[in-house]
Protein chains: 2
Amino acid sequence: MAVYTEVPDGELAAFVKAYDIGEVVSCKGIAEGVENSNFLMRTTKGSYILTLYEKRVNRSDLPFFLGLMEHLAAKGLSCPTPIKARDGEALRELCGRPAAIISFLEGMWPRRPTERHCQLLGGAMADLHIKGRDFALKRPNNLSLAGWRTLVANTKDRADEVSPGLADTIQDELAFLEKNWPQDLEVGVIHADLFPDNVFFLGDRLSGLIDFYFACTDFLVYDVAICLNAWCFEQKGEFNVTKAKLMIESYAKLRPLPEAELAAMPVLARGGALRFLLTRLYDWLNHPPGAFVSPKDPLEYLKKLRFHQQAKSVAAYGL
Amino acid sequence: MAVYTEVPDGELAAFVKAYDIGEVVSCKGIAEGVENSNFLMRTTKGSYILTLYEKRVNRSDLPFFLGLMEHLAAKGLSCPTPIKARDGEALRELCGRPAAIISFLEGMWPRRPTERHCQLLGGAMADLHIKGRDFALKRPNNLSLAGWRTLVANTKDRADEVSPGLADTIQDELAFLEKNWPQDLEVGVIHADLFPDNVFFLGDRLSGLIDFYFACTDFLVYDVAICLNAWCFEQKGEFNVTKAKLMIESYAKLRPLPEAELAAMPVLARGGALRFLLTRLYDWLNHPPGAFVSPKDPLEYLKKLRFHQQAKSVAAYGL
């Protein structure tokens, strides 16, 4: 639920004049994306997403994000692509904020992901990884080991307020991951936030991937590990091994998984669980009381972490 | 900013099957309307608003609201109209809530209303009043005198927290209005919440009126008095008499204002100011601390009330 900036109609009309997309006929703030202000804008020529980048997004990262979307869309991946103004620039300014108009993508994200959704996701993720291979820009993953260290430092004093013993569990896990994190897997562009609300479907078809604002350069298979966390656990916390198997198998059909990546899966899945445990824990401890947007439960990811801690090999994921 | 209910894609698809509007291709929660959950939905046949009525809307009022929109749209007023399902019913149920699909209206509401906007508004408001004359249903205005009495009772103990002396000012004003409220003006359907965010424009054209969820049966000219409050004060509190004059004159061109209505304008404007002062004060005193949706400043309406208290006649509004 995110509209942080109101865009006066006059400023919007002036902004859109720089583009060759017709005139605005409606513009509504939409409840999508937590970091930025997003508007569904209709013009006389079509539908678009207008995004104003708010302070949580680092301005210097925007060329990476927008360039990546453009690169992937140009290679045929179904994802939003930035619209360039008449002067060739996609990244502009509106209401004192960096702003871009992005193509509109049809589809809806699945509130209750099915096995079929997971299977389709696997293929789309591999497609993204393959099409991203020749993208020239790099962006380090600031939510990997170094970022976790900072988050641990910033949450450890109060982590036990959320669950007794949580601080120690997190410290131990970080120590384990620092020792066991893989070194030599294939690196490339990953989405890094492929949760169900960022994957659109239309009927039996995956219609596209959105929200590339956590995308970065990291182990490709770490994206798979994040999706194991985001897609394959059921409401009550049970791991659905069928979903995992279908997802990984359909991924591997397009991009075969080397032995080293398969072997690293449990460690990477632990890392993925720790990453979301830490960011949720931080938000939980630092959100204003009574806030309208309630923070997500960090303990969901403690349970997921415990599952992965018991995984001896990729067999735990159905392979 | 309002999406209180998440609609699972499967339930949405099943819901839409009852209509003859094609298949859903996207559905996004929009930040419009405070009382209900609103979604901008696109189907293979067009764009629609899907509204789920949340608990602040009285279920028994829905036939009035939906019937009114249908009546007005059928008479050519530019406003949203409920879409009927194949069985003829517009009011249905989704996710355990009353729900309706409403036609989509192009346009944007003015963040900075101009004199021209006020002029166009006057005509559209008169058009609404005229076209509403033969609407059969009635709905008493529960935010008139009786409603104010309840709000005064529920805020008086803490009103002075917001501004010293506010409780007394409000009590005195209520006593004045109870004694001086007019009796015999023309009664009919009023919108009762024609704030700028409920009036859409496209270029130099008023493209429509939305959000009829406060509509009720009351003095027609009370709508004008509400608009004096909502449209004719500038940012720093100055009353823009040109805006008022243009608005009232263009209203009166379509529906001439009888002498009694003109004479009652200052009292009605005081009532309008008190109504929004009271509801804002109540929300101010009762919102959860740190809430994401910050309540609107009640004191804005105290200043407006003071302006109207000094108005000796309709001349204060430029007539």
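Being a predicted model, the structure only gives us computed values, none of them experimental.

**A closer look at the pattern of salt bridges**
Residue and element names in this part refer to chain A. On inspection of all chains with the given rule, the structure shows 48 salt bridges over all chains. Close ionic contact of Arg 139 with Asp 61 constitutes a salt bridge, the shortest N to O distance being 3.2 Å. Taken together, the positions of Arg 139 in the loop between helix H3 (115-131) and helix H4 (145-155) and Asp 61 in the loop between strand S3 (47-52) and helix H2 (62-74) put the pair 78 residues apart, joining distant regions of the chain. Assigned by exposure class, Arg 139 and Asp 61 land together as buried. For Glu 300, the salt bridge is made with Arg 280, and the minimal N-O distance between the two is 3.0 Å. A residue pair is termed long-range when its members are at least 10 positions apart, and Glu 300 in helix H10 (residues 299-309) and Arg 280 in helix H9 (residues 259-286) qualify at 20 residues. Look at Glu 300 and you get partly exposed, because its relative accessible area is 32%. Classification of Arg 280 by relative accessible area gives buried; the value is 12%.

**Quick notes on the environment of Thr 242 of chain B**
Residue and element names in this part refer to chain B. Note on placement: Thr 242 falls in helix H8 (residues 241-254). Judged by its relative accessible area of 35%, Thr 242 is partly exposed. Distance in space between the C-alpha atoms of Thr 242 and Leu 319 is 9.8 Å, their sequence separation being 77 residues.

**Observations regarding H3 of chain A**
Residue and element names in this part refer to chain A. Its 17 residues place the ends of H3 25 Å apart at the C-alpha level, agreeing with the 24 Å of an ideal helix rising 1.5 Å per residue. Taken together, the buried positions of H3 are occupied by His 117, Cys 118, Leu 121, Gly 122, Gly 123, Ala 124, Met 125, Ala 126, Leu 128, His 129 and Lys 131. For H3, the secondary structure elements touched by its buried residues are H2, strand S6 (187-190), strand S7 (199-202), strand S8 (205-209), helix H7 (220-231) and helix H8 (241-254).

**Details of the environment of Leu 220 of chain B**
Residue and element names in this part refer to chain B. Tracing the chain through its elements places Leu 220 in helix H7 (residues 220-231). Residue Leu 220 is classed as buried on the basis of its relative accessible area, which comes to 1%. Distance from Leu 220 to His 71, taken between C-alpha atoms, is 17 Å for residues 149 residues apart in sequence. When near neighbours in sequence (up to four residues on either side) are disregarded, Leu 220 contacts His 129, Glu 186, Val 187, Gly 188, Val 189, Ile 190, Tyr 251 and Arg 255.

**Description of the nonpolar core**
Side chains of a nonpolar character, in soluble globular proteins, are inclined to be buried together. Counting 178 residues, the largest nonpolar core has Phe 212 and Tyr 317 of chain A together with Phe 212 and Tyr 317 of chain B as its most contacted members. When neighbours within four sequence positions are excluded, Tyr 317 of chain B is seen to be in contact with Leu 228, Phe 239, Val 241, Ala 244, Lys 245, Ile 248, Met 265, Pro 266, Ala 269, Phe 307, His 308 and Ala 311 of chain B.

**Here we look at the environment of Lys 28 of chain A**
Counting through the fold element by element, Lys 28 of chain A comes out in strand S1 (residues 24-29). Counting along the chain gives 21 residues from Lys 28 of chain A to Val 7 of chain A, while the straight-line C-alpha distance between them is 10.0 Å. Contacts of Lys 28 of chain A, omitting those with residues within four sequence positions, involve Asn 38, Phe 39 and Leu 40 of chain A together with Ile 30, Glu 32, Leu 40, Ile 49, Phe 104 and Phe 200 of chain B.

**Notes on the sheet that holds strand S3 (residues 46-52) of chain B**
Residues and elements named next belong to chain B. Taken together, five strands build an open sheet; the order of strands is S1-S2-S3-S5-S4 and the sheet is antiparallel. The strands lining the two open edges of the sheet, one partner per strand, are strand S1 (24-29) and strand S4 (92-94). Neighbour-to-neighbour, the strand axes of this sheet turn through a mean angle of 35°, independent of strand direction.

**Quick word on the packing of helix H6 (residues 166-180) of chain A against H10 of chain A**
All names here are of chain A. It is at 12 Å that the axes of H6 and H10 come closest, and there the two elements cross at 45°. Judged by the inter-axis angle, H6 sits oblique to H10. H10 is crossed by H6, and the crossing has left-handed handedness. Two secondary-structure elements touch here, H6 through Leu 166, Thr 169 and Glu 173 and H10 through Leu 299, Leu 302, Leu 305, Arg 306 and Gln 309. Split into classes, the residues belonging to the contact of H6 with H10 amount to four nonpolar, two polar and two charged.

Criteria and cut-off values
- Residues numbered from 1 in each chain as written.
- Chains lettered and ligands numbered in written order.
- Predicted model: local features only at pLDDT ≥ 70, side-chain atom pairs only at ≥ 80, totals over all residues.
- Heavy atoms only, no water.
- Salt bridge = Lys/Arg side-chain N within 4 Å of Asp/Glu carboxyl O.
- Helix = DSSP H or I, 4+ residues; strand = E, 2+ residues; numbered from the N terminus.
- Buried < 20%, exposed > 50% of the residue type's maximum accessible area, 1.4 Å probe, protein only.
- Expected span 1.5 Å × (residues − 1).
- Contact = heavy atoms within 4.5 Å.
- Core = buried A, V, L, I, M, F, W, Y, C linked by side-chain atoms within 4.5 Å.
- Pairing = 2+ DSSP bridges.
- Axes fitted to C-alpha atoms, helices over the stretch in contact; angles between N-to-C directions.
- Parallel < 35°, antiparallel > 145°, perpendicular 65-115°, else oblique.
- Left-handed = near helix turned anticlockwise from the far one by under 90°.
- Nonpolar A, V, L, I, M, F, W, Y, C, P; charged D, E, K, R; others polar.

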